[in-house]
Amino acid sequence: MVIVNTIDINPLLLNSSCAWSSDLHQLTELYDAPYTGAVTTRTATLAGFPEDDAIHTVAFAADALTTINSYGYSPHPLEQYLIWVEAILAAHAQSTKPIIISITASDPTTLHGMLAAIQDLRARLGDATSAPSRIAVELNTSCPNIPGAPPSGYTFSSLQPLLRVLAAAHAGDPTLTLGLKLPPYTFRAQFADALAGLRALDAPCPIAFLTCTNTLGNALLFADEAGAFAVPTAVGGVAGDSLHALALGNVYTFRQLLATADARDAGLGGIKIIGVGGVTSRAAAARMMQAGADVVACATLFGKEGVRAFEILGKE
Ligand SMILES: Cc1cc2nc3c(=O)[nH]c(=O)nc-3n(C[C@H](O)[C@H](O)[C@H](O)COP(=O)(O)O)c2cc1C
C-alpha cells in the first residue's frame with residue numbers, strides 16, 4: 001500500500017487515464033476489478049471535448065504491444081464524471097479504493113471552477129474528513145494531440161498560473177490530493193525545469209504525485225505495407241512497448257532528482273511517482289518499480305485485455 005497525501009493505493013496498480021476509462025460502465029468495471037488499487041478517469045474538460053470519430057481514434061501496432069492515438073480529451077464534461085464518481089463511491093461505501101479524476105484546463109479561472117466542483121462533491125461525500133480520502137485530482141498537462149495547444153508540461157513557465165490555482169486549493173484544504181500528468185521528457189534540463197516550477201510557487205508544494213508519462217507525441221505508425229496511416233491524423237501519441245524505455249528513464253530521473261537534498265529542503269521529497277509507459281507484462285511492471293515508481297499504471301495493456309490486464313500484472 002502507498003499513501004499519496006490522503007489517498008491509499010493498494011494494490012500498487014491502476015489504470016492510467018485513457019479512452020477506455022471514459023464512461024460509467026468502464027469505470028465501474030475498473031473499480032470492481034480486484035487487482036486495481038485505484039481508478040483514473042479519462043481526462044475531462046469543463047464543457048466536454050468535441051470528439052470526431054473521423055479524426056480521433058486509436059490503433060494497435062501489428063508486431064508489438066504498442067498503440068498510437070489521436071484522441072483529444074473526453075467528450076463527457078467534468079460534471080458527468082462527478083455524477084459517475086459519486087454513483088460508484090456511493091455504491092461501494094465500504095471501499096477505500098480511490099478514484100483519481102483526471103482534468104485539464106487552459107486558464108486559471110476554468111481550473112478554479114473545476115476544482116470547486118470537485119471539492120463540492122468531496123464535501124457531499126465527507127471525503128475531507130474520512131481517512132483515507134477516496135477522491136484525488138490529476139491535472140493533465142501532456143496531451144500531444146490538441147491543435148494549437150502544445151502540452152503545457154513541456155513549458156513549466158506557462159503552467160505557473162494553473163499551478164498557483166492548485167496551490168491555493170491545497171492551501172485551503174490540505175486533504176485535497178493533487179497530481180500532475182507529465183509528458184515524456186528527453187533531456188535532463190526538462191526534469192529540472194519541472195521541479196524548479198514547483199519550487200517557484202512560493203507555497204508549500206501542492207503536488208502529491210507525478211504521473212510519468214503520457215504518450216510521446218508526433219509519432220507515426222503505418223497500418224499496412226501500402227502506406228496507409230494507422231490513425232487519420234497520420235501522427236499521434238505513441239504508447240505501450242515503444243514508450244517503455246523512455247518512460248523508465250523519466251521515472252528514474254525524477255526519482256533521483258526528488259531524492260536530492262535540494263528537493264527535500266524544498267519540500268518535494270515526499271512526491272510519489274506513478275510509473276506509466278509500456279507496462280505490458282509483470283516484468284515491465286517490476287522494471288517500473290526498480291526505476292523508482294511507487295505505483296504502476298497502464299493504458300495500452302488495459303485497452304488490449306480489458307480489466308484482465310490488472311490480473312496479468314498483479315497476480316502473484
Ligand atoms: C487510447 C488512449 C487514450 C488516452 N487518453 C488519455 C487521457 O485522456 N488523459 C491522459 O492523461 N492520458 C491519456 N492517455 C495516455 C495514457 O494514460 C498513458 O500515459 C500512455 O498511454 C502510456 O501508457 P501505456 O504505455 O500503458 O499505454 C491515453 C492513452 C491511450 C492509448
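My aim in this report is to walk through the structure given alongside it, one point at a time. Values in this document were obtained by computation on a predicted structure and should not be read as measured data.

Bringing the site of the ligand into the picture now. Residues in close proximity to the ligand total 25 residues, the closest being S17, T43, G240, G278 and T300. At 2.8 Å, a side-chain N or O of S16 approaches an oxygen atom of the ligand. Within the side chain of N140, an N or O atom sits 3.1 Å from an oxygen atom of the ligand. For the ligand, whose accessible area on its own is 600 Å², the fraction buried by protein is 98%. Looking at the shell around the ligand residue by residue, the classes come out as ten nonpolar, 13 polar and two charged.

Another aspect to go through is helix 1 (residues 24-32). Every buried residue of helix 1 is listed here: Q26, L27, L30 and Y31. With its buried residues spanning 135 degrees around the axis, helix 1 presents them on a single face. By the N-cap criterion, in which a side-chain oxygen at the helix start approaches the backbone nitrogen of a residue two or three places on, helix 1 is capped by D23, the distance to H25 being 3.2 Å.

This structure, assessed with the given rule, holds nine aromatic pairs. Ring centres of F191 and F254 lie 5.0 Å apart, and the angle between their planes is 70 degrees; this geometry places the pair in the edge-to-face category. With F191 in helix 5 (residues 188-199) and F254 in helix 6 (residues 244-258), this pair connects stretches of sequence that are 63 residues apart. Residue F254 is classed as buried on the basis of its relative accessible area of 0%. An aromatic cluster of three or more residues is present, and its members are Y154, Y185, F191 and F254. Here the basic side chain of K97 rests over the ring of Y31, its NZ or CZ set 5.5 Å away from the ring centre.

With that settled, the discussion passes to the pairing of strand 12 (residues 235-240). Two faces make up the sheet, and in a regular strand the side chains alternate between them. Strand 12 sits mainly inside the fold: five of its six residues count as buried. In terms of strand pairing, strand 6 (residues 66-69) meets strand 12 through four bridges, oriented antiparallel. In the sheet register, N69 faces strand 12, and the bridge partner there is G237. Relative to strand 12, strand 11 (residues 216-220) is paired through three bridges, and the arrangement is antiparallel. Bridging from a neighbouring strand, L216 pairs with V238 of strand 12.

Glancing now at helix 2 (residues 78-91). Taking 1.5 Å of rise per residue, the 14 residues of helix 2 would be expected to cover 20 Å, and the 20 Å separating its terminal C-alpha atoms lies within 8% of that figure. Listed as buried for helix 2 are L78, Y81, L82, W84, V85, I88 and L89. Seen from one end, helix 2 has its buried residues packed into an arc of 170 degrees, which puts them on one side. Across helix 2 from its buried face, at more than 90 degrees, point the exposed residues E79, A90 and A91. As for helix 2, its buried residues are in contact with helix 1, strand 7 (99-103), helix 3 (108-125) and strand 8 (135-140).

Cut-off values and rules
- Residues numbered from 1 in each chain as written.
- Predicted model: local features only at pLDDT ≥ 70, side-chain atom pairs only at ≥ 80, totals over all residues.
- Heavy atoms only, no water.
- Near = heavy atom within 4 Å.
- Polar contact = N/O pair within 3.5 Å; in protein donor to acceptor, adjacent residues only side chain to side chain.
- Areas by Shrake-Rupley, 256 points an atom, 1.4 Å probe, with all protein chains shown as cover.
- Nonpolar A, V, L, I, M, F, W, Y, C, P; charged D, E, K, R; others polar.
- Buried < 20%, exposed > 50% of the residue type's maximum accessible area, 1.4 Å probe, protein only.
- Helix = DSSP H or I, 4+ residues; strand = E, 2+ residues; numbered from the N terminus.
- Arc of directions from axis to C-beta.
- Phe/Tyr/Trp six-rings, centres within 6.5 Å; stacked < 30°, edge-to-face > 60°.
- Lys NZ or Arg CZ within 6 Å of the ring centre and 35° of its normal.
- Pairing = 2+ DSSP bridges.
- Expected span 1.5 Å × (residues − 1).
- Contact = heavy atoms within 4.5 Å.

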